[in-house]
Amino acid sequence: MESIKGMVFNIQRYSIDDGPGIRTTVFLKGCPLRCLWCSNPESQNPCPEIAHRESSCKRCGRCVEVCPVQAISLTEGAIRIDRNLCDNCGECVSECPHEALKIFGKEMTVDEVFAVVRKDKDYYKVTGGGVTVSGGEPLAQAEFAAALLKRCQEAGIHTCLDTSGYGAQPDLEKILPYTALVLFDLKHMDPVLHREYTGCDNELVLRNLELVVKNGTPLIIRIPLIPGHNDSDEQLAAFARVAAEVAKGAPVNIMPYHRYGTGKYKMLDLPYQLDDLKPPAEERLQRAKEIFNSFGLECEVKI
Amino acid sequence: MSVCHVNADEIRKLNVMTERLQKLKKEWEEAKPIVYVDDSLLFTQSWKETEGLPIDLRWAKAFAKKLRECPILIREGELIVGSLTKHVRGANVLCAMKPREILEQLERGAFDRKLSDIATTYIDPEDARLLKEDAEYWIEHMPPNYINDALREEFGESHFDLMMDEAMVFEGRGVRHNPDRGLFQGWGAMGGGITGPRGKVINEGLNHVIAVARAELEKMLAEGAVLDGSVAAAQRKYYLLKAIIISCEAIIDFARRHADLAREMAQRTSDPVRKAELERIARNCERVPAEPPRDFWEAVQAVRFLHVVCWKESPERAEVTIGRLDQMLYPYYEKDLRENRITRQQAAELLGCFWLKTRENENLVTIKREHRAAPGSLLPNVTICGRDKEGRDATNELSWIVLEVMRQMKLSEPAVYVRYHEDLSDEFLIFALECNRDFGGGNPAFLNDKLGTDRYLARGIKYEDASDWYASGCLAYNLDCAEHVAGTINLNQPKILEITLNNGVDPRTGKELGLKTGDVTTFTSIEQLYDAFLKQVDYFADKLRRHYFIYWSTGIANDPQSGLRAAMLYEDCIPKGLAPREGGARYPVTRMSWFGDGGITDVSDSLAAIKHLVFDQKKITMAELLEALRDNWQGKEHIRQMCLSAPKYGNDDDYVDDIFNYISMKTQEILLSRPDPFTGLKPFLFKGAAAGHVVRGKAIGALPNGRKAGQPLNDAGTSPMPGADVNGPTAVVNSATKVPHAFATVGLAHNMKLTKSLLNTREKLIKVASLIKVFMARGGWHIQFNIHSLEELLDAKKHPEKHKNLLVRVGGYSAYFVDLPPELQDEIIARTQHAV
């Protein structure tokens, strides 16, 4: 089972907002959703992707020379990657002397990931932290996620799954036995708007939420709070009802919209669709908190 | 000490910045730093009057003259008195110590204008004239260059090549005679902090010390001196006892002059409140430090007097430590509280007044020193918490109040050190981190209590003594019962690597400084290079020890010994008849050598890059690399980028950490294999480099870690290359603590920079606290957090005027960011922002 490989795009140590304590978050690449506000555009595509950081680039042209499929050109003093031609082989990345090119996504075995995770076991012990498998969408790599979480659980490391809830039920069932805590995202309660904002329906999400609850795994509801999209009082009340009724009063974490990911869109030549959106005002966050509290729910704003 | 019942909420309610302190602090902020000359003139006058007397007596008499005749003042509103100079911000100078430097500065008018980007000091025209005369007198009376003569006699002229500014294999204050200096070469070479106000002496009073000295003197006269029949030792003892008595009496007179002044001012004032305060100040100064303090206010006043007189005695910038303030003062505070004679609020205000007094001293930044030390810092460190002599948590209410005073006063000094141990409460730790965050820069720092004590226990020191230590100087520490006095000489390890890569030749000077360890281009494995490097280290370590012996023998033999310092450690110095620096303190083990081996992270990253690129991946040849280094990467930027991308220390990556650990342990082994030439004991090592990394870096060409020629080295011992630590704070801590780098080492700091957003909730503070816990559990020694947003720093560089209060910790210091030289500013900006 340990020979299973996963597509990982980042392993972030000292994660302090993805579950209790100090954690190591393993980000798996590939997601069925396309949330407009996604701050990890590199997490969406399940394959490795080349990214180009303009600010580091010295326009030396080394990448143009080495690209085996002539996908890179140097025109008007700027590097352009023809994404249709590029097969993400990574030749240019290893040749770039300025670290302006990088590749998102690396195939790793459970052992390899575990070796990184276990390095911070001292910190997990002191803070009640552990590992969090996030994404992308971990359910899309269920075998790998389950094997990794199992490995960690056997080593006495607290395990946490951070999921959008969008995935096949049997996949979720594979992972849950090795999961001590689920961070379960809710993006919108209206199926039509959910589809508009994320590209997918929310019916499956809600069914999976029921499954987690039925299974008895502790759970935290996480809501990305996106101004003008899902932050109306009505919508917040709808979230709260689900948390109170379906999730049996699970605590709620509000994840305020931020724009830290916009630079990565540029690096990947992807369009960012919420160009004019600003992070939520403090009053809105407080109001959201009040609404959840009025349903008897614990609510924390993650800032 | 008693169990602590305070909590953070109660302490936060304190208002340290009362109207009084706001006013006093504002005056201080608006005051110009002014050169203070009176003490220098009094010293010279005294020196002329004492011609022919033994040097220790001359020293004590000069000290006494300064205390009896210097101008004194009490500022409006002050509750704690006793100033180093007559200015709100005064810089003390001593012409006898460095007349040429002072004259040069006067001639360039440097005191009157911005003398560099980092310090502005003014001088009164009449004072300038007097100072010039004073300097000229000393230039005519310069002592012989005895240290360099002795070094030359033992090791030959070529020995000085090791200390050239361009080569700097040996670096530090205890390296060579500074021809610009006058008297007291040994004093000038001293680093690491000296004993300041000591609890025992405050509690017993100086009259007691005088009585003990007199009794010993009487015993000598009545029964004869029994010092193994040594006539010289008996004479030594006689003069030391005289020096102790002269010094203590002068301090008492200094305090009484303040009593007289306060009484006079009380008579003049029409304000009844101030009148009462001044009368109280008069009573305090009448009482302490001659007699034991009767309450908290007197005790704080006694600490201040003993601290300021240590500063007044010193010939140059002196790192006088304050010590364990919470332990010294708690019995007085507790008694006053019990008897309803003081409130917590009143105690906080008194400590605030004390705090500000320590900041009135400006460290004169001379032209020669501007890059050497943290400007503006005289390192009056305060230590709190730790364990007591019974091994119990010593944290008390004053430990909390000290932190709150520090937080609200927002002064770069005193720096506060928390002696962390496992029984320290989480509440306290979180409160300390909150103070750190609000304060803005690296204050307080955290030291490993157990490690500090264990290092002394390993040297056979009794637990009750071993457990009583405090942070001192820059990244050092002292036992309460034994001033350590270090002669720090640093081996410039990255320089030695450069010499190794060039087969014994220093490419910067073309001189053959090292051994011929082989042409590295013929090496077939990285191990060959390790061996060659370590052979060179061994070679230089041997030279270092010999050099050190000669330097200190000549230095000590010609410098005065201090009666004041002997008085502070009187219970041992008096019976032995020796000053602390001669071995009078209880334990000799901490007296002498510290050998520095700073720069190990630069060496390790460089070796890792060579292993990776030349031997493992074979991307470049050694010859290509050497050429790129020689050309300082000119036209070889691609090679430099490869080097920069090679594995770097600080990422919990065994590839490079293994090298770091191997080199660190081996060099440590080499340095420890040679005992201290004076005591025969293992020396203490000093891996840290507070700002010395800037100076040493200037002497080193391009390094294989990607660093350019002349750039600063990595700071503070185990801090990674700026910007190279990309795996977050846990990875850095892990890298730094895989092997016990700190056990044989004193000056090893770990600087970590966090953004404020990592500390903005209680939950997050708990997580940072856990970084400290794990760091200490893994055997780390000193950790401190700098907290800034990148924007803040960049803006501060552009608009220093808007960020006068922005504090930054460099190595073991606190300093104002805007006061730092640009290189240090850049380095702090470049230090990785762990998470955004």
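What counts as what
Residues numbered from 1 in each chain as written. Chains lettered and ligands numbered in written order. Predicted model: local features only at pLDDT ≥ 70, side-chain atom pairs only at ≥ 80, totals over all residues. Heavy atoms only, no water. Helix = DSSP H or I, 4+ residues; strand = E, 2+ residues; numbered from the N terminus. Buried < 20%, exposed > 50% of the residue type's maximum accessible area, 1.4 Å probe, protein only. Contact = heavy atoms within 4.5 Å. Areas by Shrake-Rupley, 256 points an atom, 1.4 Å probe, with all protein chains shown as cover. Core = buried A, V, L, I, M, F, W, Y, C linked by side-chain atoms within 4.5 Å. Pairing = 2+ DSSP bridges. Axes fitted to C-alpha atoms, helices over the stretch in contact; angles between N-to-C directions. Buried area = accessible area lost by both parts, 1.4 Å probe. Salt bridge = Lys/Arg side-chain N within 4 Å of Asp/Glu carboxyl O. Polar contact = N/O pair within 3.5 Å; in protein donor to acceptor, adjacent residues only side chain to side chain. Nonpolar A, V, L, I, M, F, W, Y, C, P; charged D, E, K, R; others polar. Right-handed = clockwise from strand over helix to strand, strands pointing away. Domains from an automatic or database assignment.

Remarks on the overall build of chain B
Here is step 1 of the chain: A count of helices and strands for chain B gives 32 helices and 17 strands.
Here is step 2 of the chain: The proportion of buried residues among the 836 residues of chain B is 66%.
Here is step 3 of the chain: If you take every contact in chain B between residues at least 6 apart in sequence, the share linking residues at least 24 apart comes to 77%.
Here is step 4 of the chain: When the accessible surface of chain B is summed, it comes to about 27300 Å², and 51% of that surface belongs to carbon and sulfur atoms.

Observations concerning the nonpolar core
For soluble globular proteins, nonpolar side chains are generally found buried alongside one another.
All names here are of chain B.
Here is step 1 of the chain: Grouped together as the largest cluster of nonpolar side chains are 165 residues, with contacts concentrated most on Phe296, Leu325, Leu329, Leu351, Trp355, Phe446 and Phe785.
Here is step 2 of the chain: It is helix 11 (residues 231-268) that provides the largest number of residues to this core, a total of 18 residues.
Here is step 3 of the chain: The contact partners of Leu325, leaving out residues within four places of it in the chain, are Val303, Leu351, Phe354, Trp355, Val382, Thr383 and Val402.
Here is step 4 of the chain: Counting residues in each nonpolar core, the second largest holds 63 residues, with Phe160, Ile496, Phe523 and Phe533 among its members.

A short note on the sheet that holds strand 8 (residues 130-134) of chain A
Residues and elements named next belong to chain A.
Here is step 1 of the chain: One open sheet accounts for nine strands, arranged 7-1-2-8-9-10-11-12-13; its pairing is mixed. The open sheet has two edge strands with one neighbour each: strand 7 (106-109) and strand 13 (299-301). Across the sheet, the axes of successive neighbouring strands diverge by a mean angle of 30°, strand direction being ignored.
Here is step 2 of the chain: When strand 1 (residues 5-15) meets strand 7, the two strands line up antiparallel, connected through four bridges.

Some words on the interface of chain A and chain B
Here is step 1 of the chain: Of the residues lining the interface, 20 residues belong to chain A; the matching set on chain B comes to 24 residues.
Here is step 2 of the chain: Approximately 1900 Å² of surface area, both sides summed, lies buried where chain A meets chain B, with 54% of it carried by carbon and sulfur atoms.
Here is step 3 of the chain: Across the contact surface, chain A and chain B share four salt bridges.
Here is step 4 of the chain: Where Arg13 of chain A meets Asp652 of chain B, a salt bridge forms, and the shortest distance between an N and an O atom there is 2.5 Å.
Here is step 5 of the chain: Counting across the interface, chain A meets chain B through ten residue pairs in polar contact (both at pLDDT 80 or more).
Here is step 6 of the chain: Of all elements in the fold, only strand 1 and helix 4 (121-127) of chain A reach the threshold of two or more residues within the side of chain A that touches chain B.
Here is step 7 of the chain: Broken down by class, the residue content of the side of chain A that touches chain B amounts to seven nonpolar, five polar and eight charged.

What to know about the pairing of strand 8 of chain A
Residue and element names in this part refer to chain A.
Here is step 1 of the chain: Of all five residues that make up strand 8, five are buried, and the element is covered over most of its length.
Here is step 2 of the chain: Here strand 8 runs beside strand 9 (residues 158-163); their pairing, made up of four bridges, is parallel. Bridge pairing in strand 9 links Val131 to Thr159.
Here is step 3 of the chain: Once you follow strand 8 into helix 5 (residues 142-154) and on to strand 9, the crossover reads as right-handed.

A word on the side chain of Arg359 of chain B
Residue and element names in this part refer to chain B.
Here is step 1 of the chain: Checked against the element boundaries, Arg359 lands in the loop between helix 15 (344-358) and strand 5 (361-362).
Here is step 2 of the chain: A relative accessible area of 3% means that Arg359 is categorised as buried.
Here is step 3 of the chain: Of the polar contacts made by the side chain of Arg359, one reaches the side chain of Ser412; its length is 3.1 Å.

Side note on the domain arrangement of chain A
All names here are of chain A.
Here is step 1 of the chain: Under the domain assignment used here, chain A contains domain 1 (5-45 + 106-301) and domain 2 (49-104).
Here is step 2 of the chain: Computed over C-alpha atoms, the centres of domain 1 and domain 2 are 32 Å apart.
Here is step 3 of the chain: When domain 1 packs against domain 2, close to 810 Å² is buried across both sides, 60% of that on carbon and sulfur atoms.
Here is step 4 of the chain: Measuring nitrogen to oxygen at the nearest pair gives 2.5 Å for the salt bridge that ties Glu49 to Lys29.
Here is step 5 of the chain: Joining domain 1 to domain 2, the criterion identifies four residue pairs in polar contact (both at pLDDT 80 or more).
Here is step 6 of the chain: Among the residues forming the side of domain 1 that touches domain 2, the class breakdown is two nonpolar, one polar and four charged.

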